[in-house]
Amino acid sequence: MEQIMCGKFGHGILLIAKSSRHPKSLISARNLMSGKIGQLGRPLLATPQPRYLIFSNRGYAMIITRVLRGALKIRYLLLGGAVGGGLTLQKKYEQWKEGLPDMTWIDSLLPNEQQWQSFRGSLMTMKENISEKVEIDPRIRELGESKYQEYKAWFNQRLDDAIKAAESRPDAPNTSDPLKSMFEAITAVAKKVYSDAKGELSKNTVAFARPLVNENIEEERKKAQTSQQRLDTMQEEVMQIQLKYQRELERLERENKELRKQMLLRGNQKLNNRKIKKSLIDMYSDVLDELSDYDSTYSTADHLPRVVVVGDQSSGKTSVLEMIAQARIFPRGGGEMMTRAPVKVTLSEGPYHIAQFKDSSREFDLTKESELAELRKEVELRMKNSVKNGKTVSHDVIAMTVKGPGLQRMVLVDLPGIISTVTVDMAEDTRDSIRQMTQQYMSNPNAIILCIQDGAVDAERSNVTDLVSQMDPTGRRTIFVLTKVDLAEENLANPDRLRKILAGKLFPMKALGYFAVVTGRGRQDDTIQTIKDYEERFFRNSKLFKDGLAMSGQVTTRNLSLAVAECFWKMVRETVEQQADAFKATRFNLETEWKNNFPRLRELDRDELFEKARGEILDEIVNLSQVSPRHWEEVLMSRIWEKVSMHVFENIYLPAAQTGNAGTFNTTVDIKLRQWAEQQLPARSVECGWESLQHEFYHFMNQAKLSPDHDDIFDNLKNSVVTEAMLRHSWEDKASEMLRVIQLNTLEDRSVNDKRDWDQAVKFLETSVKEKLQSTEQILREMLGPGRKERWMYWQSQTEEQQKRSSVKNELDKILYADKKHAPTLTQDELTAVRKNLQRNGIEIDNEFIRETWHPVYRRFFLQQSLARAYDCRKGYYLYHTGHESEMECSDVVLFWRIQQMLKVTANALRQQVMNREARRLDKEIKDVLEDYSQDTEMKQKLLTGRRVTLAEELKRVRQIQEKLEEFIQALNKEK
């Protein structure tokens, strides 16, 4: 049943309508007459509309009702402001209290007695300020002087209780928090004023239906105008009171922030030897970092909540993020694309306002402009480095943490702005890449989309709203932010357009909430505090407030950050356990696969496998020191002779021996040996030493492969490391010069003083000549084809060319056997004779064909003669020793003795270099290569391959993510 009450209040008549269904609803007289109910009080009291009201003497009531409307409006504004402010304070306190760390050692961190006394003094000062600035409106005295005094005394009593609570010991049981008592006092006084005022008005209600005194209507109209002016003045005064009250709240927040900073600092000083527990948001950020690196086919990497900041280019999304972080940390450029890669910013609370990159230990002090500039340069540099292969944007995430007193805890990802046109300095796929990246981040069903819209441009030019509406059509996880509202209000002729935007009726998208913010004045050197002051002044004088186009909770970046943080943590609590369960199932599947495929092997990821391979490679280096000196010299001599034997035979021995004169032979040998030792021999010797070192090292590695414990998964890595080390290694420069001196001195000695040395030289000559003879025989066999025996026994045949070669060879043999000291070349007459002899048999050949056959034939003939002389010189040492060397042709034995001695001396010198210096230098080169490879993830992925490696990698990553998720869930449950 509806009740209508009226009465005289002040200079006008008060009309109160009370609903039996909604006893707390109040309806003004004008609204009753016009059919609009609770228009002023609706945002605060949420009054339902009554069904019907009947009045008598309606004409007179209209005039007085208009007069009373203003007074009641002021009263409700005052009462509503008090209630709203108290509730805001209480909510802020609860948020602050929830943010306090859970520390059992809190007793040692609380402020001392002097600090409590200082805080008590602040409360006393606040009491005086509140008594002066938040004085209860004297017009309330119209309810009665006694009631006014009762309110005042009751309010002062609540403040005194708060001060007494501050004086009490903080560690006493059941002691009330002083700040909480103060907040409750302010809230309770507002509620009591409102409740008593409503009751008093109800008691004093009189019948409103009585006839009014007939007065001049014109006078009433003038009175109404005067009252309206008074109401406007009173409304302005109430707004000023609300602003004073807001400033008082901000002062209390600053004191609260400073107090928490002191507590955190004292905690760091006293717990420097204890393990500091990570904050909840840092733990969650670690989980996201692990997930961002996790790459598998299980599609669980992007299902945890984060705040994704999206918007058109230059819409102000980066500025919004800076306002939330309370620091200008990002580079900026007028209209130019600055955000070229995703930037993940983790906001958390701390005693100092600092920023730090995930992969760096440096902390940037955000209170110093110089370090802010360095931070912006570092961000810009990282963005440029992340862009590769001619691209404009990158998918590589730049992760950083921002800490500071009073920051809301959340994780935000700033993405490149959406563009409509690709300019000439951009890659062709830039627009599509940005849209694809934005859709990828928004496709996460648990991501909170912070949709940034530039209020200074036409709504029809927006690209981001359509994209957001496609990804989140229901608006379940979208928060809409309208930036540059100051420019929008200045440029828009129709303010109703802003109202439609903030009401969600203009753009074809839905959202959880709509906010209007001002994030700057277009000046790059403005500080965050300057921007906040400008934002506050703008909204204080804005039509958005005065004309009721926006609610107070829809404006300022402070309200936006509170709403985003609340939505973020709500989403986290709802989804994190589901993700943990998904990873449990993934871990079980991977462990089952490992047990079935690799039952007897330990799970080693790439890093662990690399370390194991590093140890095995370094063990092989140690084995080089176990090689005996004798073995080194044998290997070195063999390799040096293998490399220089061709030069010795072709350029020294054969030209000298074919002279047929012993004196000429020795002269030619001395000249050629000296030239060889000064120019080519030292470098060739060093090459042989290096090759021998490589050969021995590879030999040990190949021997290790024959071991039953060998694991072939390391083969590619070992070969790559050794090959790279060999390419980097270079023999010492002074080694060649040292060898040159030794070799020249050795080759100049022609005196064989020992029979054993002579025999060794003869054996060396025989062996060398036999090797050359075998290679020459092989050349002739290929040139002449199968011999008579092979043709008869194995049914082989000669080609036409081989038949011609055989015929030429028979003619050449006749010449050689006729003149056993024949010169190395054929004369023109001999060529003509051979050609004519073959023409008689029907074989047509030219002189070049004959010369090609002559060279191997003559070489074989000469080597056979050299081998025969070597046999004859076995017993010629006596003649040589007694000075009768001219009686026998053994000059070639002396030559090979000189070469053999040179090989021994060179091998010994190289062996000392290898064992004393080069092996250690190779060890260092291999260690350097291993160190480089250990830092190169791509190289390890290239060299360590196979399902065994990838499965172990996935198992390790899944276990890490699961452990971090479980740790985070435990901390989250404790905070609840």
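The structure displayed is predicted, hence computed values, not measured ones.

1. Quick notes on the overall build of the chain
Okay, so step 1: Helix and strand counts for the chain come out as 32 helices and 11 strands.
Okay, so step 2: The burial tally for the chain puts 46% of its 976 residues in the buried class.
Okay, so step 3: The long-range share in the chain, meaning contacts at least 24 apart out of those at least 6 apart in sequence, stands at 79%.
Okay, so step 4: Surface exposure of the chain reaches about 51,300 Å², of which carbon and sulfur atoms provide 47%.

2. Quick look at unusual backbone geometry
Okay, so step 1: Positive phi, normally seen in glycine, also occurs at S314, with a value near 65°.
Okay, so step 2: Relative to the helices and strands, S314 resides in the loop between β3 (307-311) and α9 (317-325).
Okay, so step 3: Residue S314 is classed as partly exposed on the basis of its relative accessible area of 40%.
Okay, so step 4: Despite not being glycine, K484 shows a phi value in the positive range, around 55°.

3. Some details on the state of the cysteines
Okay, so step 1: By the definition in use, this model includes one disulfide.
Okay, so step 2: Two residues, C873 and C890, share a disulfide whose sulfurs are 2.0 Å apart. Its S-S torsion of about -105° marks the bond between C873 and C890 as left-handed, since a negative value means left-handed. Taken together, the positions of C873 in the loop between α28 (847-872) and α29 (877-881) and C890 in the loop between α29 and α30 (891-935) put the pair 17 residues apart, joining distant regions of the chain.

4. Structural notes on the packing of helix α18 (residues 606-624) against helix α22 (residues 715-728)
Each pair of packed helices can be summarised by the angle the axes make with each other and by the distance between the axes.
Okay, so step 1: Relative to each other, α18 and α22 sit at 55°, their axes nearing to 10 Å. Between α18 and α22, the angle is such that the two are oblique. You can see that α18 and α22 cross each other, and the crossing is right-handed. Within the contact between the two elements, α18 uses F610, A613, E616 and I617 and α22 uses L717, K718 and V721.
Okay, so step 2: The residue makeup of the contact of α18 with α22, split by class, is five nonpolar, no polar and two charged.

5. What to know about the pattern of salt bridges
Okay, so step 1: Taken as a whole and assessed by the stated rule, the structure comprises 47 salt bridges.
Okay, so step 2: With its nearest N and O atoms 3.7 Å apart, the salt bridge here joins E322 to R328. In this pair, the class of E322 matches that of R328, namely buried.
Okay, so step 3: Residue D454 is joined to K484 by a salt bridge in which the shortest nitrogen-to-oxygen separation is 3.3 Å. Of this pair, D454 sits in strand β9 (residues 448-454) while K484 sits in the loop between β10 (478-483) and α13 (485-491), placing them 30 residues apart in sequence.
Okay, so step 4: Through salt bridges that share partners, R587, E591, E603 and R959 make up one connected network.

6. Points about the pairing of β9
Okay, so step 1: With seven of its seven residues buried, β9 lies for the most part within the structure.
Okay, so step 2: The two faces of β9 match: I448, L450, I452 and D454 on one face and I449, C451 and Q453 on the other face are all buried.
Okay, so step 3: In the sheet, β3 pairs with β9 via five bridges, with the strands oriented parallel. Note on β9: the bridge partner recorded for G311 is I452.

7. So, the packing of helix α20 (residues 662-679) against α30
Okay, so step 1: For the pair α20 and α30, interaxial distance at closest approach is 10 Å and the crossing angle is 20°. As far as their axial angle goes, α30 and α20 are roughly parallel. For the pair α20 and α30, the sense of crossing is right-handed. Of the residues in α30, those touching α20 at A662, F665, N666, V669, D670, L673 and W676 are S891, D892, L895, R898 and M902.

8. Brief notes about the sheet that holds β10
Okay, so step 1: Taking strand neighbours across the sheet as the criterion, the nine strands line up as β6-β5-β7-β4-β8-β3-β9-β10-β11 in an open arrangement whose pairing is mixed. Single-partner strands in this sheet number two, and they are β6 (364-365) and β11 (513-516).
Okay, so step 2: Bridge count between β3 and strand β8 (residues 410-414): three bridges; the pairing is parallel. When the bridges of β8 are listed, V309 appears paired with D414.
Okay, so step 3: Against the sheet, α9 contacts β3, β4 (343-348), β7 (398-403), β8, β9 and β10, and its axis sits at roughly 160° relative to β8.

9. Observations regarding helix α26 (residues 800-818)
Okay, so step 1: The terminal C-alpha atoms of α26 lie 28 Å apart, and with 19 residues this matches the ideal 27 Å at 1.5 Å per residue to within 8%.
Okay, so step 2: Buried within α26 are the following residues: Q802, R805, S806, S807, V808, K809, E811, L812, D813, I815 and L816.
Okay, so step 3: The elements touched by buried residues of α26 are α24 (755-784), α27 (828-840) and α28.

10. Considering the pairing of β3
Okay, so step 1: Most of β3 sits inside the fold, with five of its five residues counted as buried.
Okay, so step 2: In β3, alternate side chains face the same way, and those of V307, V309 and G311 on one face and V308 and V310 on the other are all buried.

11. Let's talk about the packing of aromatic side chains
Any pair of aromatic rings gets described here by the distance separating the centres and the angle formed by the planes.
Okay, so step 1: Within this structure, the stated rule accounts for 19 aromatic pairs.
Okay, so step 2: Centroid distance Y858 to F862: 6.4 Å. Interplanar angle 25°. Geometry classified as stacked. Of this pair, Y858 and F862 both sit in helix α28, four residues apart, which is roughly one turn of the helix. Note on accessibility: Y858 and F862 belong to one class, buried.
Okay, so step 3: Through successive ring pairs, a cluster of aromatic residues spans W641, F649, Y653, F764, W854, Y858, F862 and F896.
Okay, so step 4: Here the guanidinium or amino end of K940 rests over the ring plane of F610, the centre of that ring lying 5.7 Å away.

12. Considerations on helix α23 (residues 733-747)
Okay, so step 1: Helix length check: α23 (15 residues) gives 22 Å between terminal C-alpha atoms against 21 Å at 1.5 Å per residue, within 8%.
Okay, so step 2: Turning to α23, its buried residues number three or more, namely A735, L739, Q743, L744, T746 and L747. The arc that holds the buried residues of α23, viewed along the axis, is 160°, so those residues lie on one side. Within α23, the exposed residues directed more than 90 degrees away from the buried face are D733, K734 and N745.
Okay, so step 3: Of the surrounding secondary structure, the elements contacted by the buried residues of α23 are α20, α21 (681-705) and α30.

13. Quick look at the side chain of D605
Okay, so step 1: By the secondary structure assignment, D605 is in the loop between α17 (557-597) and α18.
Okay, so step 2: The residues contacting D605, other than those within four sequence positions of it, are A952, E953 and K956.

14. Observations concerning empty space enclosed by the protein
Okay, so step 1: For the structure shown, the criterion picks out three cavities of 30 Å³ or more.
Okay, so step 2: The space that makes up the second largest cavity amounts to roughly 60 Å³.
Okay, so step 3: Lining the second largest cavity we find E620, M701, A704, K705, H710, D715, K718 and N719.
Okay, so step 4: Put simply, the parts of the chain that give the lining of the second largest cavity at least two residues each are α21 and α22.
Okay, so step 5: For the lining of the second largest cavity, the per-class residue count stands at two nonpolar, two polar and four charged.

15. A word on the environment of A456
Okay, so step 1: Along the chain, A456 falls in the loop between β9 and α12 (464-471).
Okay, so step 2: In contact with A456, not counting residues within four places along its chain, are T483, K484, L487 and A488.

16. What to know about a nonpolar patch on the surface
Okay, so step 1: A surface patch of nonpolar side chains, amounting to about 450 Å² of accessible area, comprises W792, M793 and Y794.
Okay, so step 2: Within the element layout of this structure, W792 appears in helix α25 (residues 788-793).
Okay, so step 3: The class for W792 is exposed, based on a relative accessible area of 71%.

17. As for the confidence of the model for the chain
Okay, so step 1: Taken as a whole, the chain shows an average pLDDT of 76; of its residues, 69% reach a score of 70 or greater.
Okay, so step 2: Low pLDDT (under 50) marks residues 133-143, which in the prediction has 27 contacts with non-local residues, meaning those over four places away or in another chain.
Okay, so step 3: Predicted confidence for residues 268-276 stays below pLDDT 50, and this span has six contacts to residues more than four positions away or in other chains.

18. A word on the environment of L744
Okay, so step 1: Along the chain, L744 falls in helix α23.
Okay, so step 2: Each C-alpha atom of the pair L744 and M902 lies 8.5 Å from the other, and the pair is 158 residues apart in sequence.
Okay, so step 3: Discounting chain neighbours no more than four positions away, the residues touching L744 are R674, A677 and E678.

19. Observations concerning the side chain of T478
Okay, so step 1: Here T478 is to be found in strand β10.
Okay, so step 2: Assessed through its relative accessible area of 0%, T478 is described here as buried.
Okay, so step 3: At 2.6 Å, the side chain of T478 forms a polar contact with the side chain of D472.

Reading the values: the criteria
- Residues numbered from 1 in each chain as written.
- Predicted model: local features only at pLDDT ≥ 70, side-chain atom pairs only at ≥ 80, totals over all residues.
- Heavy atoms only, no water.
- Helix = DSSP H or I, 4+ residues; strand = E, 2+ residues; numbered from the N terminus.
- Buried < 20%, exposed > 50% of the residue type's maximum accessible area, 1.4 Å probe, protein only.
- Contact = heavy atoms within 4.5 Å.
- Areas by Shrake-Rupley, 256 points an atom, 1.4 Å probe, with all protein chains shown as cover.
- Disulfide = S-S within 2.5 Å.
- Axes fitted to C-alpha atoms, helices over the stretch in contact; angles between N-to-C directions.
- Parallel < 35°, antiparallel > 145°, perpendicular 65-115°, else oblique.
- Left-handed = near helix turned anticlockwise from the far one by under 90°.
- Nonpolar A, V, L, I, M, F, W, Y, C, P; charged D, E, K, R; others polar.
- Salt bridge = Lys/Arg side-chain N within 4 Å of Asp/Glu carboxyl O.
- Pairing = 2+ DSSP bridges.
- Expected span 1.5 Å × (residues − 1).
- Phe/Tyr/Trp six-rings, centres within 6.5 Å; stacked < 30°, edge-to-face > 60°.
- Lys NZ or Arg CZ within 6 Å of the ring centre and 35° of its normal.
- Arc of directions from axis to C-beta.
- 1 Å grid on protein atoms, 1.4 Å probe; cavity = no way out; pocket = protein on both sides within 12 Å on 5 of 7 lines; lining within 4 Å.
- Points joined across faces, edges and corners; volume = space filled by probe spheres on them.
- Patch = residues over 30% accessible without salt bridge, like charges linked within 9 Å, V, L, I, M, F, W, Y side chains within 5 Å.
- pLDDT = per-residue confidence, 0-100.
- Polar contact = N/O pair within 3.5 Å; in protein donor to acceptor, adjacent residues only side chain to side chain.

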